[in-house]
Amino acid sequence: MENPYLPYPVRIDDIEIATEDKSLKTFKFVFLNKEDEEKFSYQAGQFAELSIPGVGEIPIGIASSPVEKGFVKFTVFRTGVVTSHLHNMKVGDIMGIRGPLGNWYPWDKLENKNVVIIGGGFAFTTLRSSIIYMLDPANRNKFKNIDVVYGARSPGMLLYREELFGKNERISICILRLMGPMIQIGNTIQALFPLLLNRMPQRPMKTHMPLSVALRL
Amino acid sequence: MKFITIDKKDWANGIEKSRGIYQLFGPVKDKNEFFIKHLEKDTLPAMEYDNSVMSAKSIIFPQTEKMLTATLDESQEDHHIMKKIETDDTPRAVIGIRPYDAKAMKLLKLNFDTDDYRDPYWCDAYEATTFVGLGINKPGPFDFSTSTGTGPFCDDGLDVLLADLDDKYLAKVLTDKGAAFVGACGFDTVADEKESLALFDILRKEAEKNIASHIETDKLKEKTVLELHEAPFWDDLAFSCINCGTCTYVCPTCWCFDIQDEVKQKESVRLRIWDTCMSPLFTRHATGHNPRASKTQRVRQRFMHKLKYFLDKYDQGIMCVGCGRCVKSCPVNIDIREVCNIMNSYEKQA
Ligand SMILES: Cc1cc2nc3c(=O)[nH]c(=O)nc-3n(C[C@H](O)[C@H](O)[C@H](O)COP(=O)(O)OP(=O)(O)OC[C@H]3O[C@@H](n4cnc5c(N)ncnc54)[C@H](O)[C@@H]3O)c2cc1C
Ligand code: SF4
Ligand code: SF4
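Residues numbered from 1 in each chain as written. Chains lettered and ligands numbered in written order. Predicted model: local features only at pLDDT ≥ 70, side-chain atom pairs only at ≥ 80, totals over all residues. Heavy atoms only, no water.

**A closer look at the interface of chain B and chain A**
The interface is formed by 26 residues belonging to chain B together with 22 residues belonging to chain A. For the pair chain B and chain A, the two sides together bury roughly 1700 Å², of which 65% comes from carbon and sulfur. Counting the surface chain B buries against chain A, the share from its top three residues, H80, Y117 and R270 of chain B, is 26%. In this structure, the connection of chain B to chain A is made through one salt bridge. Taking the shortest distance from any N to any O, the salt bridge between E57 of chain A and R270 of chain B comes out at 3.3 Å. (Contact = heavy atoms within 4.5 Å. Buried area = accessible area lost by both parts, 1.4 Å probe. Salt bridge = Lys/Arg side-chain N within 4 Å of Asp/Glu carboxyl O.)

Structure representation (structure tokens):
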């Protein structure tokens, strides 16, 4: 068995600013050794340790999807020692990734069902992974309706907006004010929203989520 | 299994002889206390000790351990590529380890050697080690090992169990590893099996009579996590704790560690260092949010892990071998025996 602490060496292939305020960046990595990519075989929902020699390692959700080959992607919020260092790194720099780690969504149990994905803020990373996975032509017909409810502090803080919601002509996007009047799309979400609203705490929440996107994919 | 008699006159010579093959570790007196340490040449294990302040776990799981290294020098082709630091896994023997410490190693193994992951640092060190235990003729006041599935003459997890018979040791050789060690020492006076077994039995019964403290664990299994978690006694139990972490560092079954990087010039080293769930830093997130921010939450976590989560997860008893070190070392006298009995007897009020 291999040493589970030893990261696979990777090269930064691309860095994208992910939100308006530049606090989040999406890093695309390629494995230096092709066989490591196969060993790093993951499921949507898992995370990995991003490892910067001499700085430290941090657990980050895998934002790319198992159906995307040749690279892995992570979206990272700049907050402390390791994440700040990572934000200052350049395309071409070498670092490490170890994993995959943690659990994933029970894909077999979701087959032939309507799926509702609900996420907020930048916890949406592994949900990007899941959406890309489900929308893949090889998988799309395994699921019935796929509804997504996604909230962020402001429209500029929504991750992967262009990619997931912008280019898809079949879907309509609407920004919902959860506390105000709202537009509802799809039966599932219609059924779900009153439920969600009833459970919203009446006191101010620590994580504000005034804006949401709801769409059917 | 076989039995060997070792005349104490031959002891020092035999131990020295084994150094040809083994690195030796054992109890060493430091001021007024004993620690399990590397035995320098001509140092014999101090066999007349009661208990060591720290357990033997550091022989396999050092307090600070180098794991990986990488050069940060960009002129090197392999810069920023991490590699395993080679570890010394030549044969070693720990002599005079207390039986409950060997049992504790077996509990640690559940964490470091699983179907999914094998921790090579821990497992390679464990496999390289021969455990030569020393039965406890007169257990001390903090020993409650008979109620934790071990005891003063328990041989679970040992390769050899020694009984101190004043002028000689009687060795119960349990494994091939144990036989190899005894052979390397040149100890070969075979003792009668029936008589030896009977003698070990007498010694065990005598020793167990000295154990005055016991805990009750029989009802822990049937209680739900939630009822114990929400029980009203945690604030009181945690009240005096000062979060020093001593209880976790001295414990032979505590396995948590933190991973940190250090840089010297252009060389980076990744280390693992014992961590403690009693510190607020253990769980503090980058956002500042801390899911176990209060002392009560942390004290509860330690006891729930040892006495409930571990029991439920592995079905191998509690995560405590009754060595009593945490009881003895806690500066404010928090006592796992008391906590365990409170948990075991707790009935939720309807
Ligand atoms: C399973 C999981 C998935 C995550 N996914 C993402 C993601 O997709 N995108 C993202 O931006 N952030 C994610 N995080 C949070 C991210 O790991 C922390 O923001 C990051 O570790 C902060 O590191 P730092 O060195 O910059 O901060 P510092 O506060 O300087 O951290 C110091 C040390 O503490 C550790 N640490 C700090 N915060 C955490 C934490 N929340 N959990 C575990 N260890 C921590 C770090 O590893 C580091 O070694 C995830 C956390 C977990 C547990
Ligand atoms: S919890 Fe205390 S008594 Fe039990 S094994 Fe650990 S240190 Fe020994
Ligand atoms: S040794 Fe005692 S005071 Fe220190 S952290 Fe443990 S319980 Fe608290």
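**Some remarks on the pattern of salt bridges**
This structure, assessed with the given rule, holds 33 salt bridges over all chains. D13 of chain A is paired through a salt bridge with R11 of chain A; the nearest N and O atoms lie 3.6 Å apart. A residue is classified by how much of its surface remains accessible, and D13 of chain A, at 31% relative accessible area, is partly exposed. When its relative accessible area of 32% is taken as the criterion, R11 of chain A is described as partly exposed. D312 of chain B is the salt-bridge partner of K308 of chain B, the closest N and O atoms lying 3.2 Å from each other. With a gap of four residues between them, K308 of chain B and D312 of chain B both fall in helix α9 (residues 295-314), about one helical turn apart. What makes K308 of chain B buried here is its relative accessible area of 1%. According to the relative accessible area criterion, D312 of chain B is partly exposed, its value standing at 34%. Counted as one network, the salt bridges with shared partners bring together E57 and R98 of chain A together with D261 and R270 of chain B. (Buried < 20%, exposed > 50% of the residue type's maximum accessible area, 1.4 Å probe, protein only. Helix = DSSP H or I, 4+ residues; strand = E, 2+ residues; numbered from the N terminus.)

**Quick word on the site of ligand 2**
All names here are of chain B. Around ligand 2 sit F144, C251, P252, R302, K306, C320, V321, G322, C323, G324, C326 and I336, and those are all the residues in its vicinity. Of the pockets mapped on this structure, ligand 2 occupies the second largest cavity. Broken down by class, the residue content of the shell around ligand 2 amounts to eight nonpolar, two polar and two charged. (Near = heavy atom within 4 Å. 1 Å grid on protein atoms, 1.4 Å probe; cavity = no way out; pocket = protein on both sides within 12 Å on 5 of 7 lines; lining within 4 Å. Sits in = over half its atoms within 2 Å of the grid points. Nonpolar A, V, L, I, M, F, W, Y, C, P; charged D, E, K, R; others polar.)

**Focus: the site of ligand 3**
Residue and element names in this part refer to chain B. Around ligand 3, the surrounding shell consists of C241, I242, N243, C244, G245, T246, C247, M278, C330, P331, V332 and I334. The site holding ligand 3 turns out to be the largest cavity. Grouping the amino acids of the shell around ligand 3 by side-chain chemistry returns nine nonpolar, three polar and no charged.

**Things to note about unusual backbone geometry**
The step from G99 of chain A to P100 of chain A runs through a cis peptide bond, and the omega angle for that step is 0 degrees. Within the secondary structure, P100 of chain A sits in strand β6 (residues 94-101). The phi dihedral of D166 of chain B falls on the positive side, at around 60 degrees, and the residue is not glycine. Looking at the element boundaries, D166 of chain B is found in the loop between β8 (160-165) and β9 (168-173). At D315 of chain B, a residue that is not glycine, the phi angle is positive and equals roughly 55 degrees.

**Topic: the sheet that holds strand β2 (residues 23-30) of chain B**
Residue and element names in this part refer to chain B. Strand order across the open sheet formed by eight strands is β3-β2-β6-β7-β8-β9-β1-β10, with mixed pairing between neighbours. Pairing within the sheet leaves two strands with one partner each, and these edge strands are β3 (33-38) and β10 (189-190). Examined bridge by bridge, β8 and β9 share six bridges and lie antiparallel to one another. The partner of A163 across the bridge, within β9, is L170. Contacting β6 (92-97) and β7 (129-134), helix α3 (residues 120-128) runs over the sheet at an angle of about 60 degrees to β7. (Pairing = 2+ DSSP bridges. Axes fitted to C-alpha atoms, helices over the stretch in contact; angles between N-to-C directions.)

**Points about the pairing of β9 of chain B**
All names here are of chain B. When you tally the buried positions in β9, you get five out of six residues, the bulk of the element. Relative to β9, strand β1 (residues 2-7) is paired through six bridges, and the arrangement is antiparallel. In the sheet register, K2 faces β9, and the bridge partner there is V173. Hairpin connection of β8 to β9: two residues between the antiparallel strands, including D166 at a positive phi of 60 degrees.

**Overview of the packing of helix α2 (residues 99-112) of chain B against α3 of chain B**
Residues and elements named next belong to chain B. Look at α2 against α3: their axes get within 10 Å of each other, and the N-to-C directions meet at 145 degrees. Here α2 runs over α3; the crossing is left-handed. Residue-level contacts link M105, K106, L108, K109 and F112 of α2 to W122, C123 and Y126 of α3. (Left-handed = near helix turned anticlockwise from the far one by under 90°.)

**Quick word on the sheet that holds strand β4 (residues 56-61) of chain A**
Residues and elements named next belong to chain A. The sheet built from six strands is open, its strands ordered β4-β3-β6-β1-β2-β5 with antiparallel pairing. Each edge of the sheet is formed by a strand with only one pairing partner; in this case those strands are β4 and β5 (72-77). Strand after strand, the sheet turns through a mean of 40 degrees between neighbouring axes, direction not considered. Where strand β2 (residues 24-31) and β5 come together, six bridges link them in antiparallel fashion. The residue of β5 that forms the bridge with K28 is K73.

**Observations regarding the confidence of the model for chain B**
Of all residues in chain B, 100% attain a pLDDT of 70 or more, and the chain-wide mean is 96. Reported confidences for the modelled complex are a pTM of 0.88 and an ipTM of 0.89. (pLDDT = per-residue confidence, 0-100.)

**What about the nonpolar core?**
All names here are of chain B. Judged by nonpolar contacts, the single largest core of 41 residues is most densely connected at I60, W122 and F131. Counting residues per element, the ones that place at least two in this core are β3, β6, α2, α3, β8 and α5 (193-209). Residue contributions to this core peak at seven residues, all from α2. Formed jointly, this core draws a minimum of three residues from each of two domains, domain 1 (2-209) and domain 2 (225-345). Aside from chain neighbours lying at most four places away, what touches I60 is M105, W122, A125, Y126, T129 and F131. Membership of the second largest hydrophobic core comes to 30 residues, among which are F233, C277, I318 and C340. (Core = buried A, V, L, I, M, F, W, Y, C linked by side-chain atoms within 4.5 Å. Domains from an automatic or database assignment.)

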